[in-house]
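# Coordinate inspection notes
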Amino acid sequence: MLRRFFVFAVLGSFLGFVAGCTNPNDLDQPAVDLGDFRLGHNIVIAPKMEKGPLSREKSKEEWTAAVQARIAERFDRYEGEKLYHFGVSLEGYVLAQPGIPIVASPKSALIMRITVWDNAANKKLNEKAHQIIVFEQLSGEQVIGSGLTQSADQQLENLSKNAAKMIELWLVRQRGEEGWFATEADS
């Protein structure tokens, strides 16, 4: 499964469009409605993280620190009364290389899984970890592939920001569909 994903990411799969639909640089705007949510533990691990083919190298420690910092940056803004904890497992990544022909236009990508724990109920909100595939945000400099225009550190930073934003979008959807983070006004 991961190998198939990496082939798509390296070849600049059409799925890269998904990241273009998010704006991870919206932290100066009011936080979206997550009801009575407040982030407790923010645990990011990478025990089995795989580096995709033709990828630049970044350590598990660099990945976990970057993703954990961006999750904290995005979710520490929420001041609800109920604590929820994140368990995030980083599964695989591709950081596009420089010098790959423009025809291939490789895209950087990250695969992660997340579980949300309700502190008061002492149980998981999602029994099965939710998988999120994060691609770099489309911009003028990434149209030809971020490997040609960005350092590995910049790619890591961009994917980490996008990862936190994709988690937020998923939580908003779960709030609407499953009633997560309900407030008294929701009753």
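Rules used throughout
The numbering scheme is per chain: residues are counted from 1 as the chain's sequence reads. Side-chain atom pairs in this predicted model are given and counted only at pLDDT of 80 or more, local residue features only at pLDDT of at least 70, and totals for whole chains, interfaces and linings cover all residues. Based on all heavy atoms of the structure, the side-chain values leave hydrogens and waters out of the count. What counts as a salt bridge is simple: a side-chain nitrogen of Lys or Arg found within 4 Å of a carboxyl oxygen of Asp or Glu. Under the DSSP-based scheme used, a helix requires at least four consecutive residues in state H or I and a strand at least two consecutive residues in state E, with every element numbered from the N terminus. Each residue is assigned to one of three classes by its accessible area relative to the maximum for its type, calculated with a 1.4 Å probe on protein chains only: buried under 20%, partly exposed between the two thresholds, exposed over 50%. Lines are fitted to the C-alpha atoms to define the axes, a helix being fitted only along its stretch in contact, and any angle between axes, read from their N-to-C directions, falls within 0 to 180 degrees. Small angles under 35 degrees read as roughly parallel and large ones over 145 as roughly antiparallel, with 65 to 115 read as roughly perpendicular and the rest as oblique. Should the near helix be turned anticlockwise from the far one by less than a right angle, the crossing is left-handed, and should it be turned clockwise, the crossing is right-handed. Contact criterion: two residues are considered in contact whenever any of their non-hydrogen atoms come within 4.5 Å of each other. Classification used: nonpolar for Ala, Val, Leu, Ile, Met, Phe, Trp, Tyr, Cys and Pro, charged for Asp, Glu, Lys and Arg, polar for all others including Gly.

Applying the stated criterion across every chain, the model contains eleven salt bridges. Taking the shortest distance from any N to any O, the salt bridge between Asp-26 and Lys-165 comes out at 2.6 Å. Of the two residues, Asp-26 is situated in the loop between helix 2 (17-20) and strand 1 (37-45) and Lys-165 in helix 5 (residues 152-178); the sequence distance between them amounts to 139 residues. The pair Asp-26 / Lys-165 is uniform in exposure class, with both members buried. Salt bridges linked by common partners bring Asp-26, Arg-74, Arg-77, Lys-165 and Glu-168 together as one network.

Before going further, it helps to examine the packing of helix 3 (residues 60-75) against helix 5. Axis separation between helix 3 and helix 5 bottoms out at 8 Å; the angle between their running directions is 45°. In terms of their interaxial angle, helix 3 and helix 5 are classed as oblique. Where helix 3 crosses over helix 5, the two elements pack in a sense that is right-handed. Only Leu-156, Glu-157, Leu-159, Ser-160, Lys-161, Ala-164, Lys-165, Ile-167, Glu-168 and Leu-171 of helix 5 make contact with helix 3, whose side of the interface consists of Glu-62, Trp-63, Ala-66, Val-67, Arg-70, Ile-71, Arg-74 and Phe-75. Counted by class, the contact of helix 3 with helix 5 contains ten nonpolar, one polar and seven charged residues.

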